[in-house]
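Take a look at the letters that make up each chain.
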Amino acid sequence: MTDMRQKILVLGATGHLGANSAVHLKESGYQVIAVGHRNSDNGFFATKGISYIGGFSLEDSYSYEKLPQDIDAVVHLAGTMPAHADKSPMPYVKSIIVGMVNLCEWLTKTHCKRVIFNTTPSDVCSFFGSGIPVPENSSRSFPKNGGDHGVYAIAKNCATDILEHYKYAHGISSCIFRHLTVYGYTPNPYYYLDGVKKILPWRKIVMQAQLGRPVEIWGDKNRKKELLYIKDFVEAIRLALQTDVEGIINLPGDRPYTLEEQITTLVKVFSPENDSTSISFAPEKPDTPQNLLLMGKAISEMGWSPKYSWEAACLDMKMTMHEEPFQLLWGNGDDFIVSEL
């Protein structure tokens, strides 16, 4: 078992996955250094006993001079994402591909031999829609539809291959998580789809339920999806640091949920007491994606399995909305005015 006194560097620490991972690792006994692109974290990480290094850029090789040299492992959750970007391909190339080369070169100089990374399920998108869970060793590709995930998936695939090269060239061990959306509350309900700003669909349903407004279920209500909760994700990060597991590892949810189950649970949890939101069906509308991942090395080599059901996750998110534990870092829900409902 890994020495819990290890010093862990978390890249992308001001984002949803990175911030939760940094806090969870600190609470688990690790020494944690949070690193982010933002110049300031508003003093958030200091309240958790975590050092913060801001103004970091993956694609800038000089940025790595800011980092300490005695790191035991890196949790790399940084880089441009389609949900927070326009359709320009260059940010993906620079932050994900060039950034990975820069990171690996830094790892060889500092003799750090362990990286936890995450890739996109879009690398196996050709298998989705079948209703059959995708194995970890499936052939990787990218969406061939001209959309915003095309270059993103290409960049993630390239970064994954770069890590494999550095394993053979320099003995760097990498664990790469493949997962769908990691659900969890953040005060900002927006994302970008093909460069257009929109409200996250599940957050829109939550808002409609909170206001007691009718909710409509589009397409085939029986299509299924994996629903992975943030607290299960960060526990996978912790376990990966305690094992030598390598390669691509699928992180599914506790079980696949139908679209009807997803939405009825959101409505149940977030509707006002004694004022249940009405739900109707619109099967003529477009279907939701059906994406399933097959559990493999996560349970066999890490001993990880999801603990949160979708209802438990929704209840926990509702509590987090009230408590706003990351308010100092991200602001609160009142900072993001929503008028599109």
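Everything numeric here is computed off the predicted structure, so don't read it as measured data. (Residues numbered from 1 in each chain as written. Predicted model: local features only at pLDDT ≥ 70, side-chain atom pairs only at ≥ 80, totals over all residues. Heavy atoms only, no water.)

Novice: How do you make sense of the sheet that holds strand β6 (residues 173–178) when you look at a structure like this?
Specialist: Within a sheet, adjacent strands bond to each other through the backbone by hydrogen bonds, running parallel or antiparallel. Taken in spatial order, the seven strands of this open sheet run β3-β2-β1-β4-β5-β6-β13, and their pairing is parallel. Each end of this open sheet is capped by a strand with a single partner; those strands are β3 (51–53) and β13 (247–250). Strand-to-strand, the axes of this sheet are offset by a mean angle of 20 degrees, without reference to chain direction. Judged from the three bridges that link them, strand β2 (residues 31–35) and β3 form a sheet pairing that is parallel. (Pairing = 2+ DSSP bridges. Helix = DSSP H or I, 4+ residues; strand = E, 2+ residues; numbered from the N terminus. Axes fitted to C-alpha atoms, helices over the stretch in contact; angles between N-to-C directions.)

Novice: Would you explain the environment of G36 in this entry?
Specialist: Within the secondary structure, G36 sits in the loop between β2 and β3. As for G36 and G54, which are separated by 18 residues in sequence, their C-alpha atoms are 5.1 Å apart.

Novice: How should the environment of K197 be read in this particular structure?
Specialist: Mapped onto the elements of the fold, K197 is located in strand β9 (residues 196–199). Expressed as a C-alpha distance, the spacing of K197 and H84, which sit 113 residues apart in the sequence, is 8.7 Å. Setting aside chain neighbours within four positions, we find K197 in contact with Y190, Y191 and Y192. (Contact = heavy atoms within 4.5 Å.)

Novice: Would you explain the nonpolar core in this entry?
Specialist: Burial of nonpolar side chains together is a common tendency in soluble globular proteins. Counting residues in each nonpolar core, the largest one holds 62 residues, and the members touching the most others are F177 and F233. Apart from the residues within four sequence positions on either side, F233 is in contact with L17, S21, L77, H179, V182, L228 and L251. Core analysis: the second largest hydrophobic core is formed by 33 residues, L11, L67, Y92 and I248 among them. (Core = buried A, V, L, I, M, F, W, Y, C linked by side-chain atoms within 4.5 Å. Buried < 20%, exposed > 50% of the residue type's maximum accessible area, 1.4 Å probe, protein only.)

Novice: Looking at this structure, how should I read unusual backbone geometry?
Specialist: Among all residues save glycine, negative phi is the norm, and among peptide bonds the norm is trans. Positive phi outside glycine occurs at N42, with the angle close to 60 degrees. A relative accessible area of 43% places N42 in the partly exposed class. Positive phi, normally seen in glycine, also occurs at H111, with a value near 65 degrees.

Novice: What is the right way to read the packing of helix α1 (residues 16–27) against helix α5 (residues 230–241) from this model?
Specialist: Think of two packed helices as two axes; the pair is described by the angle between the axes and how far apart they sit. The contact between α1 and α5 brings their axes to 9 Å, and the two run at 60 degrees. Taken together, the axis directions place α1 and α5 in an arrangement best described as oblique. In terms of crossing hand, the pair formed by α1 and α5 is right-handed. Between α1 and α5, the residues in contact are H16, L17, N20, S21, H24 and L25 and I230, F233, V234, E235, I237, R238 and L241, respectively. When its residues are assigned to classes, the contact of α1 with α5 shows seven nonpolar, four polar and two charged. (Parallel < 35°, antiparallel > 145°, perpendicular 65-115°, else oblique. Left-handed = near helix turned anticlockwise from the far one by under 90°. Nonpolar A, V, L, I, M, F, W, Y, C, P; charged D, E, K, R; others polar.)

Novice: Please clarify how the pattern of salt bridges should be interpreted in this entry.
Specialist: Any two side chains of opposite charge can pair, so long as their charged atoms come close to each other. Scanning the entire structure with this criterion turns up 10 salt bridges. Its salt-bridge partner being K221, residue E260 comes within 4.0 Å of it at the nearest N-O pair. Of the two residues, E260 sits in helix α6 (residues 259–270) while K221 sits in the loop between β10 (215–218) and β11 (224–226), which places them 39 residues apart along the sequence. Here E260 falls in the partly exposed class, since its relative accessible area comes to 25%. For K221, a relative accessible area of 33% corresponds to the partly exposed category. Notably, a salt bridge pairs E311 with K268, separated by 3.0 Å at the nearest N-O pair. Taken together, the residues E311 in helix α8 (residues 310–323) and K268 in helix α6 connect sequence positions 43 residues apart. A residue is classified by how much of its surface remains accessible, and E311, at 32% relative accessible area, is partly exposed. Since its relative accessible area comes to 57%, K268 is described here as exposed. (Salt bridge = Lys/Arg side-chain N within 4 Å of Asp/Glu carboxyl O.)

Novice: What should I look at first to understand the packing of α6 against α8 in this one?
Specialist: One can describe the packing of α6 onto α8 by two numbers: an axis separation of 10 Å at closest approach and a directional angle of 40 degrees. Regarding the angle of α6 to α8, the classification is oblique. The handedness of the crossing between α6 and α8 is right-handed. Between α6 and α8, the contacting residues are E261, Q262, T265, L266, K268, V269 and F270 on the first element and W310, E311, C314, L315, M317, K318 and M321 on the second. Grouping the amino acids of the contact of α6 with α8 by side-chain chemistry returns eight nonpolar, two polar and four charged.

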